[in-house]
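# Report on the structure
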Amino acid sequence: MRPVTRRQAGHHSARSAATRAQVMSTLERLLDSGEAFSEISVQQILEEAGVSRATFYAHFQGKSDVLVRLTDDLRESLLALARQWDPAPGEGGPDRLTRFFEEVMAIHRAHQSVLTAVREAASYDSAVGDFYTADLESFEEATLRTVLSEQAAGSTGADVDAVAASRIIVWGGAQAIAHHIQVDDGGGDAAFARELALIWWHGAYRRPTGARPE
């Protein structure tokens, strides 16, 4: 048997990548057309993508795997934004946080159908559910590190419960953004981003010391 050359291996790798991209773009196109993820069958993806069932299963475990991979790059983009944001003095405060949320919402709007499918599938598909949970947990960890760092620097009050605040910020914020995008045509995005930023900024990052309910 002839050994596989480096060129042959590279060609095979490129073809595999092209096949994966074709299948993923097909699913996204179907979702963008308004079809619910639960109603899309593997057979429909195969026909639209022009690939065989054997080829499909050589690259994906099933349609949920396609959705998870489709969302993976999107998650990295959002996490990169989260890691870049720093509430340090002189960095723009709530105005900079507002711009951050505007970018986050722009990404959500551009990929609204995919993110809707992820939230839908997470309720009944454990693989997607685990991915969705891990996604938000990653944001929660990043936010927690920021709050703790700000507390150590004396910028965020010591009376802020960093764990609880981070959980509320991330999980509550994700639900609020998802709902807003569903009910708003985009005209209210700037106002929504600013209100969300001010609530986070004054509610956690710069909460007045001792601000507790009576």
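See the structure shown above.
Computed from a predicted model, the values in this text were never measured in an experiment.

Quick look at the nonpolar core now. In terms of nonpolar packing, the biggest core is built from 53 residues, with Val23, Leu27, Leu31, Phe56, Leu67 and Phe101 touching the most fellow members. Within the residue set of this core, elements represented by two or more residues are helix H1 (6-32), helix H2 (42-49), helix H4 (63-84), helix H5 (93-110), helix H6 (112-122), helix H7 (126-152), helix H8 (162-183) and helix H9 (189-205). Here this core takes 9 residues from H4, the largest share from any one element. Excluding residues that lie within four positions of it along the chain, Leu31 makes contacts with Ala36, Phe37, Ile40, Leu67, Ser113, Val114 and Ala117.

For the α-helix, the turn length of 3.6 residues means that residues three or four positions removed from each other point alike. Between its terminal C-alpha atoms H8 stretches 31 Å, which fits the 32 Å expected from 22 residues at 1.5 Å a residue. Within H8 the residues assigned to the buried category are Ala162, Ala165, Ser166, Ile169, Val170, Gly173, Ile177, Ala178, His180 and Ile181. Those residues of H8 that are buried are in contact with H5, H6, H7 and H9. Where H8 starts, the residue carrying a side-chain oxygen 3.3 Å from the main-chain nitrogen of Val163 turns out to be Asp161.

The next subject is the environment of Ala190. Within the fold, Ala190 resides in helix H9. Sequence separation between Ala190 and Thr98 is 92 residues, and the spatial gap between their C-alpha atoms is 8.1 Å.

A few words now on the pattern of salt bridges. According to the stated counting rule, one finds 8 salt bridges in the structure shown. The salt bridge partner of Asp189 is Arg109, with a shortest N-O separation of 2.7 Å. With Asp189 in helix H9 and Arg109 in helix H5, this residue pair connects regions lying 80 residues apart in the sequence. As a salt-bridge pair, Arg167 and Glu140 come within 3.4 Å of each other at their nearest N and O atoms. With Arg167 in helix H8 and Glu140 in helix H7, this residue pair connects regions lying 27 residues apart in the sequence. Take Glu140: its relative accessible area is 15%, and that puts it in the buried class. Because the salt bridges share partners, they merge into one network encompassing Arg109, Asp184 and Asp189.

All right, on to the environment of Arg99 then. Considering the arrangement of structural elements, one finds Arg99 in helix H5. Residues Arg99 and Ala190, spaced 91 residues apart in sequence, show a C-alpha to C-alpha distance of 8.8 Å.

Next up on the list: the packing of aromatic side chains. Two numbers describe a pair of aromatic rings. These are the distance of the centres and the angle of the planes. Here the structure, examined in full by the defined rule, presents 5 aromatic pairs. Aromatic pair Phe101 and Trp200: ring centres 4.6 Å apart, planes at 90 degrees, arrangement edge-to-face. Here Phe101, found in helix H5, pairs with Trp200, found in helix H9; they are 99 residues apart in sequence, far enough to count as distant. Trp200 matches Phe101 in its accessibility class, with the two residues each being buried. Seen in terms of ring centroids, Trp201 and Tyr205 are 6.3 Å apart; in terms of plane orientation they differ by 45 degrees. Their pairing is tilted. With a gap of 4 residues between them, Trp201 and Tyr205 both fall in helix H9, about one helical turn apart. Take Trp201: its relative accessible area is 8%, and that puts it in the buried class. Looking at Tyr205, the relative accessible area reads 3%, which means it is buried. It is Lys63 that lies over the ring of Phe37; its NZ or CZ is 4.5 Å from the centre.

Thresholds, definitions, all that
Residues numbered from 1 in each chain as written. Predicted model: local features only at pLDDT ≥ 70, side-chain atom pairs only at ≥ 80, totals over all residues. Heavy atoms only, no water. Core = buried A, V, L, I, M, F, W, Y, C linked by side-chain atoms within 4.5 Å. Buried < 20%, exposed > 50% of the residue type's maximum accessible area, 1.4 Å probe, protein only. Helix = DSSP H or I, 4+ residues; strand = E, 2+ residues; numbered from the N terminus. Contact = heavy atoms within 4.5 Å. Expected span 1.5 Å × (residues − 1). Polar contact = N/O pair within 3.5 Å; in protein donor to acceptor, adjacent residues only side chain to side chain. Salt bridge = Lys/Arg side-chain N within 4 Å of Asp/Glu carboxyl O. Phe/Tyr/Trp six-rings, centres within 6.5 Å; stacked < 30°, edge-to-face > 60°. Lys NZ or Arg CZ within 6 Å of the ring centre and 35° of its normal.

So far we have only geometry, and geometry alone does not tell us how the molecule works.
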